[in-house]
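# Remarks on the overall topology
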Amino acid sequence: MSLRQYEYALAVAEEGSVTAAAELLRVAQPSVSQQIRGLERELGVQLFDRTPTGLVPTVVGRAFLREAEIAVSAARRARATARAGADELVGELVVAVQMGFAARQLPGALSALRRRFPRLEVTVFEEPSHAELERLCRRGLLNLALMAACERSPADAHHLGDEEFVVVLGAGHRLLAADRVDLRELAGESWVRFDRDSALDAVLLNVLRENDLTPRTAARVSQTATAVRWATHGLGVTLVPASAVPHGHEHLARPVSPAVPQPVLAVVRHGAGPAETALLELLRQETWSASASLSPIS
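Because the structure is a prediction, the values reported are computed rather than measured. (Residues numbered from 1 in each chain as written. Predicted model: local features only at pLDDT ≥ 70, side-chain atom pairs only at ≥ 80, totals over all residues. Heavy atoms only, no water.)

Helices and strands together make up the secondary structure of the protein chain, namely nine helices and 12 strands. With respect to the principal axes defined by its C-alpha atoms, the protein chain has extents near 70 × 50 × 35 Å. Counting all 298 residues of the protein chain, 49% fall into the buried class. Looking at the protein chain as shown, the accessible area adds up to about 14,600 Å², and 50% of this sits on carbon and sulfur atoms. Each charge class in the protein chain was averaged separately, 32 positive and 35 negative side chains, and the resulting centres sit 4 Å apart. (Helix = DSSP H or I, 4+ residues; strand = E, 2+ residues; numbered from the N terminus. Buried < 20%, exposed > 50% of the residue type's maximum accessible area, 1.4 Å probe, protein only. Areas by Shrake-Rupley, 256 points an atom, 1.4 Å probe, with all protein chains shown as cover. Lys, Arg positive; Asp, Glu negative; His and termini not counted. Charge placed at Lys NZ, Arg CZ, Asp CG, Glu CD.)

Quick look at the structure:
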């Protein structure tokens, strides 16, 4: 078995067909088919079932692909570490951020990282679920993850600073006259909320319960930008990290009383290499104070 076969199998699973996998990998379709057949022959199992909607991993295939994903990620990190010099980093860095957090700080740190190491390829994605972020960290699929602190936060996480949450109101809302909104003044309001398993919805629920407010739900959304837009149109109010308020909507956001700070943690994979170390240091240099997070972002 080879890493190339692992990569081909992962691509087929992701795309659902050999043709699409070949396009993704930029290789000829027969090459992908041959590698998959050779892998199945060597393993003595069938990795994929043919269905009307495409190729679907079998039960055994899913178990194999989980391990293959770990092996491919480890190999990429090993190549990047081996090729890293004093003045150059190459390879791939995979970063996950809990949705809504570090919306200002992460882009700044990544921009500085790319200026310093232009050959380093960085992949970033947002993940709403804290549990899923933890799972990805445990499996070694991430180089670095940014997440909100919670009871299950990893013991070796690095505390970078706090995000302050703000309430976003509709244009003309009576509470826009206040510099800071007393949470008790939001009694009776409907809320634009987030997916049930997201960290943002957990923060909102805790805030409402601690202030004896009923979580009346106007809508649920998956993205902070959507929540802000819907709130500004009067569908309901919403609560988001200050740095996640999109440019042009800052005038409709207000800090709340009592304040709602949320610690932001960086979790770096075990045996971190120079790329992760450099990004962590750049994140530490970003401004994480609650007051700074209230200024507009572009």
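That shown, we press on.
On to helix H3 (residues 29–43). Between its first and last C-alpha atoms H3 spans 21 Å; for 15 residues at 1.5 Å apiece the expected length is 21 Å, and the two agree. Considered for burial, the residues of H3 that qualify are Val32, Ser33, Ile36, Gly38, Leu39 and Glu40. (Expected span 1.5 Å × (residues − 1).)

The subject of this paragraph is the packing of helix H1 (residues 3–15) against helix H2 (residues 18–25). Orientation of H1 relative to H2, taken along the N-to-C sense of each, is 120°, at an axis distance of 8 Å. In terms of axis orientation, H1 runs oblique to H2. As for how H1 packs across H2, the hand of that crossing is right-handed. Touching Tyr8, Ala11, Val12, Glu14 and Glu15 of H1 are Val18, Ala20, Ala21, Leu24 and Leu25, all from H2. Of the residues belonging to the contact of H1 with H2, the class tally is eight nonpolar, no polar and two charged. (Axes fitted to C-alpha atoms, helices over the stretch in contact; angles between N-to-C directions. Parallel < 35°, antiparallel > 145°, perpendicular 65-115°, else oblique. Left-handed = near helix turned anticlockwise from the far one by under 90°. Contact = heavy atoms within 4.5 Å. Nonpolar A, V, L, I, M, F, W, Y, C, P; charged D, E, K, R; others polar.)

A few words now on the pattern of salt bridges. If you walk through the whole model with that rule in mind, you get eight salt bridges. For Asp182, the salt bridge identified is with Arg184, shortest N-O distance 2.8 Å. With relative accessibility at 25%, the residue Asp182 sits in the partly exposed group. Residue classification places Arg184 among the exposed positions, given a relative accessible area of 59%. (Salt bridge = Lys/Arg side-chain N within 4 Å of Asp/Glu carboxyl O.)

Quick look at the nonpolar core now. The biggest cluster of nonpolar side chains holds 60 residues, and the ones touching the most others in it are Leu113, Leu146, Leu279 and Leu283. Contact partners of Leu113, with chain neighbours within four places excluded, come to Leu93, Leu120, Val122, Ala275, Ala278, Leu279 and Leu282. The next biggest cluster of nonpolar side chains, apart from the first, holds 18 residues, and it includes Tyr8, Ala11, Ile36 and Leu65. (Core = buried A, V, L, I, M, F, W, Y, C linked by side-chain atoms within 4.5 Å.)

Right, let's talk about the packing of helix H5 (residues 105–116) against helix H9 (residues 274–285) for a bit. For the pair H5 and H9, the least separation of the axes is 9 Å and the interaxial angle reads 130°. Judged by the angle between their axes, H5 and H9 are oblique. Helix-helix and strand crossings are classified by hand; for H5 and H9 the assignment is right-handed. Between H5 and H9, the contacting residues are Gln105, Leu106, Ala109, Leu110, Ala112, Leu113 and Arg116 on the first element and Ala275, Ala278, Leu279, Leu282 and Leu283 on the second. When its residues are assigned to classes, the contact of H5 with H9 shows 10 nonpolar, one polar and one charged.

Bringing the packing of aromatic side chains into the picture now. Inspection of the entire model under this criterion finds two aromatic pairs. Aromatic side chains Tyr6 and Phe64 sit 5.5 Å apart centroid to centroid with 80° between the ring planes, which places their arrangement in the edge-to-face category. Pair noted here: Tyr6 is in helix H1 and Phe64 is in helix H4 (residues 59–83), with a separation of 58 residues, a long-range link. Across this residue pair, the class does not change: Tyr6 and Phe64 are buried. Plain terms: the ring middles of Phe101 and Phe165 are 6.0 Å apart, the flat faces sit at 65° to each other, and that makes the pair edge-to-face. Placement of the pair is Phe101 in the loop between strand E3 (91–98) and H5 and Phe165 in strand E6 (residues 158–168), with a sequence separation of 64 residues. Each member of the pair, Phe101 together with Phe165, is buried. (Phe/Tyr/Trp six-rings, centres within 6.5 Å; stacked < 30°, edge-to-face > 60°.)

On to the environment of Ser33, then. Locating Ser33 in the fold gives a position in helix H3. Through-space distance from the C-alpha of Ser33 to that of Thr19 is 9.0 Å; in sequence the pair is 14 residues apart.

Let us now look at the confidence of the model for the protein chain. Averaged over all residues, the pLDDT of the protein chain is 85; the fraction at 70 or higher stands at 91%. In this model, residues 290–298 is a region of pLDDT below 50 whose contacts with residues beyond four sequence positions or in other chains number 20 contacts. (pLDDT = per-residue confidence, 0-100.)

What follows concerns H2. Burial in H2 covers these residues: Val18, Ala20, Ala21 and Ala22. At its buried positions, H2 is contacted by H1, H3 and strand E2 (54–57). Taking the backbone nitrogen of Ala20 as reference, a side-chain oxygen 3.0 Å away marks Ser17 as the first, capping residue of H2. Directly after H2, the chain includes Arg26, whose backbone phi takes a positive value near 60°. (Polar contact = N/O pair within 3.5 Å; in protein donor to acceptor, adjacent residues only side chain to side chain.)

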